[in-house]
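As a plain string of letters, each chain reads:
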Amino acid sequence: MAASEKVEGMLSPYRVLDLTDEKGQFCGKLLGDLGADVIKVEPPGGDPSRNLGPFYHDEADPEKSLYWFAFNTSKRGITLNIEKPEGQKILKRLVKSADLVVESFAPGHMDRLDLGYSDLGKLNPGIIMVSVTPFGQTGPYRDLKAPDIVLWAMGGRMYSVGDADRPPVRMSHHSQAYIQAGLDAALAAMMALHYRHITGEGQFVDVAIQAAVAQPGDSNWDIRKRIQPRGVGGFNPSVQIMRTWPCKDGLVTWVYMPGEFGIKRNAAFVNWMDSEGMAEDFLKGFDWNNFDYTDITQETIDRLEAPTRRFFMSHTKLELLEGAVKHRILFYPQFNTTDILESEQLSARGYWTEAEHPELGTTITYPGPFAQFSQTPPRVSRRAPLIGEHNREVYQDELGIPEPELLKLKQAGVI
Amino acid sequence: MAKRLLEGMKVLDFTIVIAGPFISRMMSAYGAEVLKIESRSHPEIFRTFGPYRDDHPAPFNPWYNRGGAFGVFNTGKLSLALNLMHPRGVEIAKQLVAWADIVLENFAGGILKRMGLGYEELTKVKPDIIMLSSCMQGQTGPHAKHPGYGTQLVNLAGFSNISGWPDREPATIGAYTDFIAPRFSLLAILAAVDYRRRTGQGQYIDLSQYEAGIHLMSPLILDNEVNHRVATRMGNRTAYAAPHGAYPCRDRHQDRWCAIGVYTDEEWQSFCKVLGSPPWTKDARFSTLRARRENEAELNRRIEEWTVNLLPEDVVQRMQEVDVPVPVAILHTGRELEEHTPPVKRRSPYTVPHGAYRCRWEDRWCVIAVYTDEEWLSFGRAIGSPPWAKEPRFATLAGRKEHEDELDPLVAAWTVNHTPEEVMSLMQAARVAAGVVATGEDVMDRDPQLKHRRVFRELDHPEIGKYHGIVPAFDLSKCPAEIERAPLLGEHNDYALKNILGMSDEEVEELIREGIVE
């Protein structure tokens, strides 16, 4: 399928102006993949998130950021300096024909540029403005500096993760917090659109990244006033239980579960081991009906674990995955990105999708639709835009700004 | 009162545990009417998961109404206890489909279809129904029928592999995908509702939690494909900042300690049993009092490894529950510790192990992230300009990255004398990014920002008691979220059968008699 071919999508009637940096970009990508016309508005020179790695062939270049590629598909791109009055004027013209504005500047920044919701709502009463900020628009922490690690920590997702003898640990690499907030922003945008269809009114939506991270809450504290410590499994801290096991070519996670939950599945797992002649008598004769970690000895655990360890060590990750599926046992090997790219299940479902990058002379494979829809599948309609790639298309063809004026705006550093 | 955002939207909800119920919980918060189908003979499994307020659900209270996590993920829903194993139960479910706008389910692939409640069947009852199935790996393909939980799916989706320390096994990160997938699911549903409003067409949405989750790995997937680099875990480090990590802080509570004194060999045997008889307790170096004295430093370290994960109350309980109780006491406050210092801290020739051991709750942390060289100068000033902060080797980001292993302990040596709240406010005042590594208590009870946003709302449940529900992370200026407590099992049987389906009292009684409604 050609990268820019037009197909009626789920959200075809809607236009989105995306003024976000890395904090909210996933929102526009999702709406774009669902068929909305998303225009990424970048400052002249390009969005700062273009400087985030990893890069195509490791060449640090704002046109080669794989981070940028990943979260800006299905968008057109224009450059516009909204700090300048001429830029603000142009943005306001764009707002008149837009349904949604998504932004992630510091709280109050858009108001100071006369581009806040109160200003834009006057121009277009139906406009929906979604703001993504670390802590939200109001409240005692609204102005704090908060990169991913701070939000991850303050949202409560870090304290209990990691080893008991080391500091709490976040998820490595790019920000997970920002992507979650982008997802919530897309959700909130759809809610606000729904409300607009009922009432005709737009509204302002305030998304807080910390609150997005904190969505799991902590009912252990809420109900029992217990804090979950790091590196402790929760069953019985006085015995050592294997959770992560080495296998032939990696790691696999498996725990003999106690109680009702484990009876069938532990036995099924032992049967599988036995079918390959690897379950010892102790394991085969074990009574799962009364299996409970609270009064177990380390010796019993060691005797359960020894043959289990040998079994895992004699299989590859893929063999273990296929076996778990076949025997309906609840465990998965620890996949890395190579395993994911080679997953048989994903290719059987036609998950991966391709986008052409003509300027790189290549085609890149992307994660496909986040869900399969019977009527209107989401899809990557185009690769992420180059800097100012659609300036002409948007400014000249759609807004009707004549060539000489465009040139003037360019010289003035507006576009 | 103004109309609520999703008022009038009717959701028939077959979902279980987190990834499904989280979807309808968000819908309920904005006014959708959510009818949860569950049953007494096959209760929604999350009803059995706890946490329970008193750990042991009293027998006179049906246990399936007391689970705290169920209470959190099912706020504002109605409950119909309907036995779907019975053909008439399935018939009633179909009648409810005619009432519903949206049907949600998250069983393992194909289960609902085999019960006669697949999308094709439902369209016969309601042609424009929107149905969403959310399972581990999607409804098609060789792994479709594999059941599972988010705690396992995080392994397959690669999140575990990028969590933890490079020299260690991946960290256990919990059911991350369970909190991601439902947001994708609701986005899909709302988009499908919009499409139906415009075209009159419903549709079926097959959401694989695996496929949705991989979107959060996107840059790393592209990096692998383009540069053949396999992403792995890197602790708290990042290429763009140093220092960047979690640093130890002083406790905001007093330190927590317990005192243990093992006098006799019987007590030593008991003591080892309480610890679960790990292999080191059988080591000859600890087998006699004399040997224990000789190796006391190592012994104490090993004991502390155990106590540090427990509340002192837990230590006392365990030490007292064995046949030969081990002398043990809680040292509640710093002053108490001071006062006990002579008998406890002084090494006794007759008692080994003997001492005060650090317990849980002294484990407090703060994150700091210094990106620019300007921020580094601010950081140095904020901590009182110690000489090391002026060393040229730390002056640039490249230098700090190169010497990160030396830098981190220096930062930690400063943070450890401050509470995490102090570190955060000192750093933020200097415009350096920092934050408390929040515990459950911080998030639920203390964080003023989350309080300000009213993310957690107090609810009163007849069996759980007071607890907190959760609203989404977004505030819509014209449509406030409102939540109510989770339902008791079958609490709305009458409403569903009489008000929605128009059944008579006699019909309902018959259904109950026959075990179809429970």
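Because the structure is predicted, anything quoted here is derived from the model rather than measured.

(A) Spotlight on the sheet that holds strand S9 (residues 332–333) of chain A. All names here are of chain A. Here we have three strands laid out as an open sheet, ordered S7-S8-S9, and antiparallel in their pairing. Pairing within the sheet leaves two strands with one partner each, and these edge strands are strand S7 (244–247) and S9. Pairing between strand S8 (residues 250–253) and S9: two bridges, direction antiparallel. What sits directly across from Val252, in S9, is Pro333. Seen against the sheet, helix H12 (residues 298–313) touches S7 and S8 and runs at an angle of roughly 45° to S7.

(B) Quick look at the pairing of strand S12 (residues 433–436) of chain B. Residues and elements named next belong to chain B. Of the two faces of S12, the one carrying Ala433 and Gly435 and the one carrying Ala434 and Val436 are both buried. With four bridges joining them, strand S11 (residues 364–369) and S12 adopt antiparallel strand pairing. If you follow Ala369 over to S12, its bridge partner there is Ala433.

(C) Focus on the nonpolar core. One finds Val130, Ala153, Ala188, Ala189, Val205 and Val207 of chain A together with Ala188 of chain B to be the most contacted residues of the largest nonpolar core, which totals 250 residues. Broken down by element, this core gets its largest block of residues, 15 residues, from helix H7 (residues 176–199) of chain A. Val262, Leu310, Met319 and Val326 of chain B belong to the second largest nonpolar core, which has eleven residues in total.

(D) Summary view of the environment of Leu488 of chain B. Among the structural elements, Leu488 of chain B can be located in the loop between strand S15 (474–476) and helix H21 (493–500). A sequence separation of 218 residues divides Leu488 of chain B from Ser270 of chain B, and the C-alpha atoms of the two residues are 44 Å apart.

(E) Seen up close, the sheet that holds strand S6 (residues 203–208) of chain B. Strand order in this open sheet of seven strands is S12(A)-S6(B)-S5(B)-S4(B)-S1(B)-S2(B)-S3(B), and the pairing throughout is mixed. The open sheet has two free edges, formed respectively by strand S12 (372–373) of chain A together with strand S3 (78–81) of chain B, since each of these has just one partner strand. Pairing geometry for strand S1 (residues 10–13) of chain B and strand S2 (residues 33–38) of chain B, over four bridges, is parallel. Its bridge partner lying in S2 of chain B, Leu12 of chain B is registered against Leu35 of chain B.

(F) Layout of the interface of chain A and chain B. At the junction of the two partners, chain A supplies 127 residues and chain B supplies 133 residues. With 17 residues, the top contributor of residues to the side of chain A that touches chain B is H7 of chain A. Broken down by class, the residue content of the side of chain A that touches chain B amounts to 73 nonpolar, 39 polar and 15 charged. Examined bridge by bridge, strand S6 (residues 203–208) of chain A and S15 of chain B share three bridges and lie antiparallel to one another.

(G) Main features of the domain arrangement of chain A. Domain annotation of chain A identifies domain 1 (15–216 + 352–411) and domain 2 (244–336). Computed over C-alpha atoms only, the centres of domain 1 of chain A and domain 2 of chain A are separated by 45 Å.

(H) Seen up close, the confidence of the model for chain A. Averaged over all residues, the pLDDT of chain A equals 93, while 97% of them reach at least 70. Residue range residues 1–6 of chain A is modelled with pLDDT below 50. Its contacts to residues more than four positions away, or to other chains, number six contacts.

(I) The arrangement of the pairing of S2 of chain B in detail. All names here are of chain B. Here S2 lies mainly inside the structure; six of its six residues are buried. What you see with S2 is no split at all: Glu33, Leu35 and Ile37 on one side and Val34, Lys36 and Glu38 on the other are buried throughout. Handedness of the S1-helix H1 (residues 21–29)-S2 crossover: right-handed. Relative to S3, S2 runs parallel, the two sharing four bridges. If you follow Glu38 over to S3, its bridge partner there is Ala81.

What counts as what
- Residues numbered from 1 in each chain as written.
- Chains lettered and ligands numbered in written order.
- Predicted model: local features only at pLDDT ≥ 70, side-chain atom pairs only at ≥ 80, totals over all residues.
- Pairing = 2+ DSSP bridges.
- Helix = DSSP H or I, 4+ residues; strand = E, 2+ residues; numbered from the N terminus.
- Contact = placed C-beta atoms within 7 Å.
- Axes fitted to C-alpha atoms, helices over the stretch in contact; angles between N-to-C directions.
- Buried ≥ 20, exposed ≤ 12 C-beta atoms within 10 Å, placed from the backbone.
- Core = buried A, V, L, I, M, F, W, Y, C linked by C-beta atoms within 7 Å.
- Nonpolar A, V, L, I, M, F, W, Y, C, P; charged D, E, K, R; others polar.
- Domains from an automatic or database assignment.
- pLDDT = per-residue confidence, 0-100.
- Right-handed = clockwise from strand over helix to strand, strands pointing away.

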